[in-house]
Amino acid sequence: MPRRPALDTARVPGAAATSGRTRFARRCPRTEFAAAIDFPSREHDPTKEAPLTHYNVLIVGAGLMGRRHLTAFSSIAHDDTTVAISMCDTDEGQLAEIAESAPEVGLYSELDTALDRPWDGVVVATPAHTHLAVGRRVTDAGFPLLMEKPLALVPDGVTEWTEQTDASGVPVMVAYPLIHSDLVMELRERVRAGDIGTPIQFSSMRGAHQPTVRPDYADTYYADLARGGGVVYDILTHSVNMGEWLLGPLTEVSADTDNHVLDDVDVPDTVHVVGRHGSVMAVYSIGHHQELFEFIITVHGTAGSFRLDLYGDTLSRSSGPNGTWTTVSTSEEPHRHWLVRQAQTFLDVAAGIAAPPCDLLGGLATVRSIAAVIESADTGRRIAIADNA
């Protein structure tokens with residue numbers, strides 16, 4: 001049962017008088033996830049009149065990511081928009097901490113009870129291995145869904161779910177905050193505008209010192225592959241999804257993984273991937289043990305190159321043959337704002353005035369790609385991802 005004052009159902013258009021559930025008609029056309037997509041702007045557009053000025057949002061999962069989503073939705077500030085947030089978790093200890101730190105947040109300990117209320121959007125931030133089951137319960141209830149990454153650990157069952165949500169029209173957006181970075185969005189626009197000709201080569205080099213970034217990693221899901229742990233499920237999925245958002249899905253991969261340094265967990269802390277996004281050759285590399293915190297993305301085309309230093313907040317272009325990198329854009333945007341922009345985008349998707357930057361098809365493509373990476377690392381074979389081709 002809720003342990004906060006009941007939500008103001010009168011402020012939620014379409015709430016059924018009997019169960020309080022809101023059934024959402026199909027308001028956004030589905031889009032294919034491919035290099036040719038031209039998604040609408042994901043910045044909040046004040047010239048578009050949203051059907052709601054007050055949103056009731058439920059966050060399922062009160063752990064680290066659930067709390068980050070709580071902070072993001074709480075940070076949305078527009079003159080005519082307010083967001084009331086509730087959280088649901090079976091862990092009473094987590095709920096007690098939320099009650100103390102954010103007393104304005106509604107709390108639920110049972111998902112069925114929570115889903116019997118009217119919501120304008122639901123965020124699922126439970127452990128990765130539960131995403132598919134919990135996400136289906138949310139869309140079956142008719143609520144727009146923001147699903148924390150990855151959509152699932154394996155593709156099984158996701159295609160059927162995609163077909164069901166396609167038929168029902170319930171919008172689903174997968175949470176990948178990198179594609180909400182202002183510099184990543186600019187890179188995509190410049191590449192697709194042909195600024196460097198046709199893309200032919202891509203690299204994503206990323207690393208961090210996990211014991212410093214997440215000191216408790218060995219006591220979390222990170223230590224368990226079955227729960228989405230290790231560098232592949234936890235971090236590579238972000239890099240691959242961004243690459244797919246820029247260039248289209250991965251179509252083949254050859255991968256190598258190992259545990260080199262983090263000997264208190266039995267999961268990979270290092271991954272190398274060589275693959276293709278169609279005709280574009282790609283390399284991904286991540287180390288969760290290196291001292292430097294860095295993320296460098298390079299796109300080479302037939303008429304030039306771009307390099308994005310994502311953590312250095314700089315986008316550069318090659319100056320010419322045997323030239324140097326010339327800065328074209330910098331950003332002073334705090335990285336935490338990527339989550340805020342993602343939250344605002346989801347409200348626009350739920351309201352029917354924007355398309356999801358990564359929908360179920362996009363999330364499924366990344367799930368297939370990560371599954372292929374794991375298969376390749378396990379077998380030593382190069383894997384063709386037929387369903388992404």
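Structural notes, computed from the coordinates.

Here is what the cut-offs are and how they apply
- Residues numbered from 1 in each chain as written.
- Predicted model: local features only at pLDDT ≥ 70, side-chain atom pairs only at ≥ 80, totals over all residues.
- Heavy atoms only, no water.
- Helix = DSSP H or I, 4+ residues; strand = E, 2+ residues; numbered from the N terminus.
- Buried < 20%, exposed > 50% of the residue type's maximum accessible area, 1.4 Å probe, protein only.
- Areas by Shrake-Rupley, 256 points an atom, 1.4 Å probe, with all protein chains shown as cover.
- Pairing = 2+ DSSP bridges.
- Contact = heavy atoms within 4.5 Å.
- Axes fitted to C-alpha atoms, helices over the stretch in contact; angles between N-to-C directions.
- Parallel < 35°, antiparallel > 145°, perpendicular 65-115°, else oblique.
- Left-handed = near helix turned anticlockwise from the far one by under 90°.
- Nonpolar A, V, L, I, M, F, W, Y, C, P; charged D, E, K, R; others polar.
- Salt bridge = Lys/Arg side-chain N within 4 Å of Asp/Glu carboxyl O.
- Core = buried A, V, L, I, M, F, W, Y, C linked by side-chain atoms within 4.5 Å.
- Phe/Tyr/Trp six-rings, centres within 6.5 Å; stacked < 30°, edge-to-face > 60°.
- Lys NZ or Arg CZ within 6 Å of the ring centre and 35° of its normal.

Once that is clear, we can look at the overall build of the protein. The number of helices and strands found in the protein is 10 helices and 15 strands. Within the protein, the proportion of its 389 residues that are buried is 53%. Surface accessibility of the protein: about 16,600 Å² in total, with carbon and sulfur atoms responsible for 51%.

On to the sheet that holds strand 8 (residues 252-258). The strand order across the open sheet built from nine strands is 14-13-12-11-7-10-9-8-15, with neighbouring strands paired in mixed fashion. Every other strand in the sheet has two partners, leaving strand 14 (325-330) and strand 15 (383-384) as the edge strands with one partner each. One ladder, built from seven bridges, connects strand 8 with strand 9 (residues 270-277); its direction is antiparallel. Its bridge partner lying in strand 9, Val253 is registered against Gly275. Its contacts with the sheet put helix 8 (residues 230-247) on strand 7 (199-209), strand 8, strand 9, strand 10 (280-287) and strand 11 (289-301), and the angle it makes with strand 10 is roughly 150 degrees. Packed onto the sheet, helix 10 (residues 360-379) meets strand 8, strand 9 and strand 15 and runs at close to 60 degrees relative to strand 8.

Here we take up the pairing of strand 9. Summarising the sheet, strand 9 and strand 10 pair through eight bridges and their orientation is antiparallel. Along strand 10, the bridge assignment pairs Val273 with Tyr284. Following strand 9, the chain reverses through two residues before pairing antiparallel with strand 10; Gly278 in that reversal takes a positive phi of roughly 65 degrees.

Moving on, we come to the environment of Gln164. Within the secondary structure, Gln164 is located in helix 5 (residues 158-168). Spatially, the C-alpha atom of Gln164 lies 9.4 Å from that of Arg136, the residues being 28 residues apart in sequence.

With that settled, consider the packing of helix 8 against helix 10. For the pair helix 8 and helix 10, interaxial distance at closest approach is 9 Å and the crossing angle is 125 degrees. In terms of their interaxial angle, helix 8 and helix 10 are classed as oblique. Here helix 8 and helix 10 pass one another in a crossing that is right-handed. From helix 8, Val232, Tyr233, Leu236, Thr237, Val240, Asn241 and Glu244 reach across to helix 10, where they touch Gly362, Ala365, Thr366, Ser369, Ile370, Val373 and Ile374. Grouping the amino acids of the contact of helix 8 with helix 10 by side-chain chemistry returns eight nonpolar, five polar and one charged.

With that settled, consider the pattern of salt bridges. Here the structure, examined in full by the defined rule, presents 11 salt bridges. In this structure, Arg137 engages Asp112 in a salt bridge whose closest nitrogen and oxygen atoms are separated by 2.5 Å. Of the two residues, Arg137 sits in helix 4 (residues 131-140) while Asp112 sits in helix 3 (residues 111-115), which places them 25 residues apart along the sequence. With relative accessibility at 37%, the residue Arg137 sits in the partly exposed group. The residue Arg136 makes a salt bridge to Glu160 at a minimum N-O spacing of 3.8 Å. Of this pair, Arg136 sits in helix 4 while Glu160 sits in helix 5; the two residues are 24 residues apart in sequence, bridging distant segments of the chain.

Ranked by size, the top nonpolar core spans 77 residues in total, and within it Leu58, Leu187, Phe202 and Leu236 carry the most contacts. The greatest single-element share of this core, amounting to 10 residues, is contributed by helix 8. Ignoring anything within four residues of it in the chain, the contact list for Leu236 reads Val231, Val271, Val273, Tyr284, Ile286, Ile370 and Val373. With 27 residues, the next largest nonpolar core counts Val123, Phe346, Val349 and Ala351 among its residues.

Evaluation of the coordinates by the stated rule reveals six aromatic pairs. Centroid distance Phe202 to Tyr284: 5.6 Å. Interplanar angle 55 degrees. Geometry classified as tilted. Separated by 82 residues along the polypeptide, Phe202 in strand 7 and Tyr284 in strand 10 bring together distant segments of the chain. Note on accessibility: Phe202 and Tyr284 belong to one class, buried. Centre to centre, the rings of Tyr217 and Tyr222 are 5.8 Å apart; their planes meet at 90 degrees, and the pair counts as edge-to-face. The exposure classification of Tyr217 matches that of Tyr222, with both residues buried. Every member of this aromatic cluster is reached through a ring pair, and the members are Phe293, Phe295 and Tyr311. Above the face of the Trp245 ring, Arg188 is positioned so that its terminal group lies 4.2 Å from the ring centre.

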